[in-house]
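Here is what each chain is made of, one letter per residue.
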Amino acid sequence: MCPGRDGAAGIQDATIISIAAAREMIPVCNPTYTSLVDAYKIVRLANILGSWTRGIVVNRTGKAADLTPDEVESFLCRALGALPILSEIPEDPKVQEAELAGVPVVVYEPDCEASVAIGNLAKLVAGEANLPYVPYEERAVAETTARLVRALTGRNI
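As the structure is a prediction and not an experimental result, all values here were calculated from the model.

Enquirer: Hey, could you go over the sheet that holds strand β5 (residues 85-90) for me, with residue numbers and the actual values?
Expert: With parallel pairing, the three strands of this open sheet are ordered in space as β2-β4-β5. Only two strands of the sheet have a single neighbouring strand rather than two, namely β2 (28-29) and β5. The pairing of strand β4 (residues 56-61) with β5 spans five bridges and is parallel. Pairing of T61 across the sheet is with P90, part of β5.

In structure tokens, the structure reads:
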């Protein structure tokens with residue numbers, strides 16, 4: 001994961017550099033078709049560059065979304081294998097209010113739905129909450145990465 005690094009939609013030079021520098025990452029997507037396709041491309045690129053994708057965060061979930069979190073997870077499972085949704089951050093009007101005030105939503109309104117979901121995600125990333133999957137051993141990740149690079153490029157790493 002590349003702490004503090006947020007990337008624009010799509011694959012740009014800064015995105016590639018951030019992924020290449022990261023040991024692991026957690027992409028964030030909105031529940032829309034275009035965002036999901038971008039997330040798919042980013043995860044595929046991360047696999048090639050040797051960055052492990054821990055799971056995905058679905059932002060702005062709710063009634064107005066194009067896709068449900070189940071549809072997002074179903075697509076990712078079909079396209080990439082098992083890639084769990086680590087967190088669903090709900091659409092919350094307090095987020096926009098906090099943005100207009102120039103304050104993080106978790107400070108502006110710590111008890112709103114989005115803040116609670118962000119706090120739970122932070123606990124998961126920090127190891128203070130149970131993961132929705134059994135983590136791989138480091139050796140297994142390294143072996144998988146080496147096999148993937150060998151399959152894609154013909155080179156041994």
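Structure's up, so let's keep going.
Enquirer: Can you lay out the nonpolar core for me, pointing to particular residues and giving the numbers?
Expert: One finds I19, M25, C29, L36, I56, V72 and L76 to be the most contacted residues of the largest nonpolar core, which totals 16 residues. When residues of this core are traced back to their parent elements, those giving at least two are α2 (33-49), β4 and α3 (69-80). Top element by residues in this core is α2. It accounts for six residues. Look past the residues within four positions of I56 in its chain and what remains in contact with it is I26, P27, C29, A39, L76, P84, I85, L86 and S87. In this structure, I26, V57, L86 and L121 belong to the second largest nonpolar core, which totals 11 residues.

Enquirer: Can you explain unusual backbone geometry? Please cite residues and give values.
Expert: The residue R60 is not glycine, and still its phi comes out positive at about 65°. By the element assignment, R60 lies in strand β4. A relative accessible area of 45% places R60 in the partly exposed class.

Cut-offs and rules
Throughout, a residue's number is its position along its own chain's written sequence, starting from 1. This being a predicted model, a pLDDT of at least 70 is required before a residue's local features are given, and a value of 80 or more before pairs of side-chain atoms are given or counted; all residues contribute to the totals for chains, interfaces and linings. Remark: hydrogens and water are excluded; side-chain values derive from all non-hydrogen atoms of the structure. At least two DSSP bridges between two strands are required for those strands to pair. For the purposes of this entry, the term helix denotes a DSSP run of H or I that reaches at least four residues, the term strand denotes a run of E that reaches at least two, and both are numbered from the N terminus. Remark: nonpolar core denotes a set of buried residues (Ala, Val, Leu, Ile, Met, Phe, Trp, Tyr, Cys) joined through side-chain atoms within 4.5 Å. A simple rule labels every residue: compare its accessible area, found with a 1.4 Å probe on the protein chains alone, to the largest value its type can have, and call it buried under 20%, exposed over 50%, or partly exposed in between. Whether two residues touch is decided by their heavy atoms; if any such pair falls within 4.5 Å, the residues are in contact.

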